[in-house]
Amino acid sequence: MKVNRIFSLIALFLMTSHIHAQENTYVLSLVQAREYALQHNKTLLNARDNIVSSKEMIKETIAQGLPQVNGGMDFMTYFNYELEFNFMGSGEAINLDPTVLDDGDYQILGALNQMFGSSEPIIMENQLSGKIQVSQLLFSGQYWAGIQTARVARDLADQNLVRSELDIKENITNSYYVILTLEQTLQIIDDNLQNLMTILQHTDNLYRMGIAEETDVDQLKIAVSQLKNTQKSLERNIQLNYNMMKFQLGVAPDAKITLADDLDRVMGNVRTQEILAYDYDITDNINYKLMESQVLLNKKQVDLQNWAYAPTVSGYYSYTEKILTTAFDLTPNHLAGINLSLPIFSSGMRRSKISQAKINLDIARRNQEIVKEQLETQKKQLLYNYHNALENFNTQKENVEVASRVLAGIQNKFQEGLVSSLDLTQANSNFLNAENNYLSSVLTLLQAQTALDKLYNLL
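Note that the coordinates shown come from a computational prediction; the quantities given were computed from them, not determined experimentally.

Caption draft 1: Representation of the nonpolar core. Residues Met245, Leu249 and Leu259 are the most contacted members of the largest nonpolar core, which totals 78 residues. Ranked by residues supplied to this core, first place goes to helix 5 (residues 141–208) with 17 residues. When neighbours within four sequence positions are excluded, Leu259 is seen to be in contact with Leu28, Tyr176, Ile179, Leu180, Tyr242 and Met245. Of all hydrophobic cores here, the second largest spans 5 residues; its members include Val295, Val302, Ala357 and Ala364.

Caption draft 2: The packing of helix 2 (residues 30–40) against helix 3 (residues 42–63), seen in detail. Interaxial distance between helix 2 and helix 3 falls to 6 Å at its minimum, and their mutual angle equals 50°. The pairing of helix 2 with helix 3 is recorded here as oblique in orientation. Between helix 2 and helix 3, the residues in contact are Ala37, Leu38, Gln39 and His40 and Lys42, Leu44, Leu45 and Arg48, respectively. Its residues placed into classes, the contact of helix 2 with helix 3 shows 4 nonpolar, 2 polar and 2 charged.

Caption draft 3: A look at the sheet that holds strand 8 (residues 334–341). Spatial ordering of the open sheet is given by 2-5-7-8, a layout of 4 strands whose pairing is antiparallel. One side of each edge strand has no neighbouring strand; the edge strands of this open sheet are strand 2 (68–76) and strand 8. Going across the sheet, the axis of each strand differs from the next one's by a mean of 20°, ignoring polarity. Relative to strand 7 (residues 312–324), strand 5 (residues 127–139) runs antiparallel, the two sharing 11 bridges. Looking at the pairing, Leu128 lines up with Leu324 of strand 7.

Caption draft 4: A look at the pairing of strand 1 (residues 25–28). Alternating residues of strand 1 divide into Tyr26 and Leu28, all buried, and Thr25 and Val27, none buried. Here strand 1 runs beside strand 6 (residues 256–259); their pairing, made up of 4 bridges, is parallel. Counted as the bridge partner of Leu28 is Leu259 from strand 6.

Caption draft 5: Fine view of the pattern of salt bridges. Under the definition given, this model contains 9 salt bridges. Here Arg154 ties to Asp155 by a salt bridge, and the two come within 3.8 Å at their closest N and O atoms. The exposure class of Arg154 is partly exposed, given its relative accessible area of 28%. On the accessibility criterion, Asp155 (32% relative accessible area) is partly exposed. The salt bridge involving Asp453 is made with Arg271; its shortest N-O contact spans 2.6 Å. Taken together, the residues span a long stretch of sequence, with Asp453 in helix 11 (residues 421–455) and Arg271 in the loop between helix 7 (263–267) and helix 8 (272–277) at a distance of 182 residues. Look at Arg271 and you get partly exposed, because its relative accessible area is 25%.

Caption draft 6: Summary view of unusual backbone geometry. Backbone geometry places Ser347, a non-glycine residue, at a positive phi of 60°. Position of Ser347 among the secondary structure elements: in the loop between strand 8 and helix 10 (349–415). With phi around 60°, Asn457 is a residue other than glycine that occupies positive phi space. Classification of Asn457 by relative accessible area gives partly exposed; the value is 29%.

Caption draft 7: Region of interest: the packing of helix 5 against helix 9 (residues 286–306). For the pair helix 5 and helix 9, interaxial distance at closest approach is 9 Å and the crossing angle is 165°. With respect to each other, helix 5 and helix 9 are oriented roughly antiparallel. By crossing handedness, the relation of helix 5 to helix 9 is classed as left-handed. Of the residues belonging to the contact of helix 5 with helix 9, the class tally is 11 nonpolar, 10 polar and 4 charged.

Caption draft 8: Representation of helix 6 (residues 214–249) in the model. Along its 36 residues, helix 6 runs 52 Å from first to last C-alpha, staying within 8% of the 52 Å computed at 1.5 Å per residue. Directly after helix 6, the chain includes Gly250, whose backbone phi takes a positive value near 85°.

Caption draft 9: Structural context of the confidence of the model for the protein chain. Residues of the protein chain with pLDDT of at least 70 account for 86%, and the chain-wide mean is 85. In this model residues 88–96 is a low-confidence stretch, pLDDT under 50, and it forms 13 contacts with partners more than four residues away in sequence or in other chains.

Caption draft 10: Layout of a nonpolar patch on the surface. On the surface, Val69, Ile132, Val134 and Tyr317 cluster together into a nonpolar patch covering about 320 Å² of accessible area. For Val134, a relative accessible area of 35% puts it in the partly exposed group.

Thresholds applied
- Residues numbered from 1 in each chain as written.
- Predicted model: local features only at pLDDT ≥ 70, side-chain atom pairs only at ≥ 80, totals over all residues.
- Heavy atoms only, no water.
- Core = buried A, V, L, I, M, F, W, Y, C linked by side-chain atoms within 4.5 Å.
- Buried < 20%, exposed > 50% of the residue type's maximum accessible area, 1.4 Å probe, protein only.
- Helix = DSSP H or I, 4+ residues; strand = E, 2+ residues; numbered from the N terminus.
- Contact = heavy atoms within 4.5 Å.
- Axes fitted to C-alpha atoms, helices over the stretch in contact; angles between N-to-C directions.
- Parallel < 35°, antiparallel > 145°, perpendicular 65-115°, else oblique.
- Nonpolar A, V, L, I, M, F, W, Y, C, P; charged D, E, K, R; others polar.
- Pairing = 2+ DSSP bridges.
- Salt bridge = Lys/Arg side-chain N within 4 Å of Asp/Glu carboxyl O.
- Left-handed = near helix turned anticlockwise from the far one by under 90°.
- Expected span 1.5 Å × (residues − 1).
- pLDDT = per-residue confidence, 0-100.
- Patch = residues over 30% accessible without salt bridge, like charges linked within 9 Å, V, L, I, M, F, W, Y side chains within 5 Å.
- Areas by Shrake-Rupley, 256 points an atom, 1.4 Å probe, with all protein chains shown as cover.

See the structure below:
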């Protein structure tokens, strides 16, 4: 029984380890990588929290104009202070001129005299009361302008999120392309290295038999050594880019990522005709939309400052429950009223705030024009880059085909002893350069398309 329990624990541990390993392994196509980054990238998570915060800010602004209910309790002690009254009598506590009193005044004073007596002091005892007050804003121009301003700010937060999502998509896409081209380059280096090592072994055997020259062996050894160094450098570069992609995706640093797409598949997504014929509307660009919202926000700021000259009206009602009180308490339990706040003079402060808001509005409008011009210029530059990248890609593709045929011919001649090892290593170097230039042109073309897709909001 004990042995079975141990085996069960071991099996559970292995199962847990396997699940954990699966959780840290990601096989992602380009589309999946983009979607995963949109859900887990920490920068985007912060941007979404900013939107939630802006929505709560709108609720806060609206709540300021809704009924407010506040309660409280007050306790006061007079340290048993003795208060003496003498109404309608000969005392000197209060001396009232009878000629200015009417019949109603005499009745009130008589009631007070009867209540408190003519000479006995009133002891001011401790007081404890509970109070609840309801207040309601009736009119405030700045309140309504503040709500509109908060809503525009929320729209700005939404648009900033869209721009952040586009940035993340672009970064993920470019990282994906870089890794694919580096891995393809590494594969070419690996194949070429294996081929050179085979030729080196064959040449070394010929040298030992006295058929080949020692310089041929040395020349090939140098080429093999250089390729090995290039191989290690590429491996480190690939790992560096994987680490960058992990950060962009929002996964753990020890996670393992495998790219499901290959270079041929992503090259099948190159849309030359569509990109060049796309009908571009500048108002669809997220940066232009942001500037539109910024101008609107500054307009609302001007309205907000203009409303500072308007009055503010609010009403209130309060009820006081007297738990402990003194014999002399004339305050009512119920109280209601209306407050009117009218700004009269602020030494030019309100006028200065309006001037500042108008200046900021003018700046925002000019910035909008600047962004419009920049986007038009950017479109021309990106199309220029795309044309150049496409032409270079076609040229480098042909160069690879030529360099591959030349290398194959030189290898055959070298094995037949018709050319030297120097010719072979030179042809091999030319082939590797051609492959490197080709893959670099592939990456440049893909990145040029990505830049245009981002400009057109097509990512």
